[in-house]
Amino acid sequence: MKALQIIQSAYRCTVEEQDDPVVWFAQVLQNNGGEIDILLKGNAVNYVIAGQDSSGLKFGKWQQNQPAKLDLDLTDCLKNGLGIYIISEDAQDRGIPTDKIIAGIKTVSRKELPALFEEYEQVWHW
Amino acid sequence: MSKKTLTFLLMDAPFEQARVTTAFRLIEDALEKGHDVNVFTYEGGVSLSFTEQKPHPNAVHGRSVVEEEHPLPKDWIAFIQEKAKEKGCNFNWINCGLCLDERGVNDAIVGCERGGPADFLVWAKNSTSTLVIGTK
């Protein structure tokens, strides 16, 4: 089954899987026979910036040793056959430079979304 | 109307968002119409079926625990399970196992099982429709 996952809430719950939970979920579905792609919109387009670093969280003597690395997670997704899209207007609004975007990410404009959705049996908006 | 199978994915923790209440209303309406329903819970949603939820009195309202009749999602699930039986519908509930472990809420009411995203994928493949109700 071909399903598109739309992710909008950015950096939410990243301490749980030390990842984005929906990106994590999408990878599990793909590994279990799903045909999964991801569309990042709103603030979640920031996930595609290569080299981002969220390390440094600590409380007292505790330090997070496996911080979320969304750019690497998306790179793994691409290697595993998931397609990843971002909405071009959302990236432009946030000043995301194209030379910082991970290779292999596809860009779609808002007006192209209906045609993109038509390619899938199911579209899930998280 | 032909019988359909509907799958829901819920992510919100008990009480914190009206989305849970709305989802439960949708689920009950689907059962009322004779459809089968699957529910997969993820993240905070796994606490919806936790057995240790307890009602409390409301001093602000001047009501005892009995008078307050504090709503508990685990009871809502039990009532929906009962309704499904009455209507002759299948009603399945699976909690994400890793999410249960992280939150220490493994003790779910009877009928709510432990599973993983692969179970959700199987349901989605075999359902008439699937609705993901994400959290914000």
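Since we're looking at a predicted model, the values are computed, not measured.

Comments concerning the overall build of chain B
Working step 1: Tallying secondary structure elements over chain B gives 5 helices and 5 strands in all.
Working step 2: Ordering the α and β elements of chain B from the N terminus gives β-α-β-α-α-β-α-β-α-β.
Working step 3: Taken over the C-alpha trace, chain B has a radius of gyration of 15 Å; the compact-globule value for 136 residues is 14 Å, and the two agree within 12%.
Working step 4: Counting only C-alpha atoms and orienting by the principal axes, one finds that chain B spans roughly 50 × 35 × 30 Å.
Working step 5: Burial status across chain B gives 38% buried among its 136 residues.
Working step 6: Pairs at least 24 apart in sequence give 73% of the contacts found in chain B among residues at least 6 apart.

Points about the overall build of chain A
Working step 1: Along its length, chain A carries 4 helices and 7 strands.
Working step 2: N-terminal to C-terminal, the α/β element order of chain A is β-α-β-β-β-α-β-α-β-α-β.
Working step 3: Taken against the 2.2 N^0.38 rule, which gives 14 Å for 126 residues, the C-alpha radius of gyration of chain A at 15 Å falls within 12% of a compact globule.
Working step 4: Considered along the principal axes of its C-alpha atoms, chain A spans approximately 50 × 35 × 25 Å.
Working step 5: Expressed as a percentage of its 126 residues, the buried residues of chain A come to 32%.

Section: the confidence of the model for chain B
Working step 1: On average, residues of chain B score 95 in pLDDT, and 100% of them reach the 70 mark or higher.
Working step 2: Overall fold confidence (pTM) sits at 0.85, and the ipTM for the predicted complex is 0.74.

A closer look at unusual backbone geometry
Working step 1: A positive phi angle is found at Cys13(A), which is not glycine, with a value near 65 degrees.
Working step 2: In this fold, Cys13(A) is placed in the loop between strand S1 (2-7) and helix H1 (21-31).

Comments concerning the sheet that holds strand S4 (residues 112-115) of chain B
Residue and element names in this part refer to chain B.
Working step 1: Pairing is parallel in the open sheet, where 5 strands are placed in the order S4-S3-S2-S1-S5. Pairing within the sheet leaves two strands with one partner each, and these edge strands are S4 and strand S5 (129-133). Between one strand axis and the next, the sheet turns by 20 degrees as a mean value, whatever way the strands run.
Working step 2: Pairing of strand S1 (residues 5-10) with S5, which is carried by 5 bridges, proceeds in the parallel orientation. Within S5, the position partnered with Phe8 by the bridge is Leu131.
Working step 3: On top of the sheet, helix H1 (residues 18-32) reaches S1, strand S2 (36-41), strand S3 (91-96) and S5; it is set at about 170 degrees to S1, its chief contact.
Working step 4: Packed on one face of the sheet, helix H5 (residues 117-125) meets S1, S2, S3, S4 and S5 and runs near 150 degrees to S2.

A word on the sheet that holds strand S6 (residues 106-108) of chain A
Residue and element names in this part refer to chain A.
Working step 1: Taking strand neighbours across the sheet as the criterion, the 5 strands line up as S6-S5-S2-S1-S7 in an open arrangement whose pairing is parallel. The open sheet has two free edges, formed respectively by S6 and strand S7 (122-125), since each of these has just one partner strand. Strand-to-strand, the axes of this sheet are offset by a mean angle of 25 degrees, without reference to chain direction.
Working step 2: Pairing analysis gives 6 bridges linking S1 to strand S2 (residues 35-40), with the strands arranged parallel. What sits directly across from Lys2, in S2, is Glu35.

A few points about the packing of H1(A) against H5(B)
Working step 1: H5(B) packs onto H1(A) with a crossing angle of 65 degrees between their chain directions and a minimal axis gap of 9 Å. Taken together, the axis directions place H1(A) and H5(B) in an arrangement best described as roughly perpendicular. Taken as a pair, H1(A) and H5(B) cross one another with a handedness that is right-handed. From H1(A), Phe25(A), Val28(A) and Leu29(A) reach across to H5(B), where they touch Pro117(B), Ala118(B) and Leu121(B).
Working step 2: Here the residues of the contact of H1(A) with H5(B) sort into 6 nonpolar, no polar and no charged.

Cut-offs and rules
- Residues numbered from 1 in each chain as written.
- Chains lettered and ligands numbered in written order.
- Predicted model: local features only at pLDDT ≥ 70, side-chain atom pairs only at ≥ 80, totals over all residues.
- Helix = DSSP H or I, 4+ residues; strand = E, 2+ residues; numbered from the N terminus.
- Rg over C-alpha atoms; globule rule 2.2 N^0.38 Å.
- Buried ≥ 20, exposed ≤ 12 C-beta atoms within 10 Å, placed from the backbone.
- Contact = placed C-beta atoms within 7 Å.
- pLDDT = per-residue confidence, 0-100.
- Pairing = 2+ DSSP bridges.
- Axes fitted to C-alpha atoms, helices over the stretch in contact; angles between N-to-C directions.
- Parallel < 35°, antiparallel > 145°, perpendicular 65-115°, else oblique.
- Left-handed = near helix turned anticlockwise from the far one by under 90°.
- Nonpolar A, V, L, I, M, F, W, Y, C, P; charged D, E, K, R; others polar.

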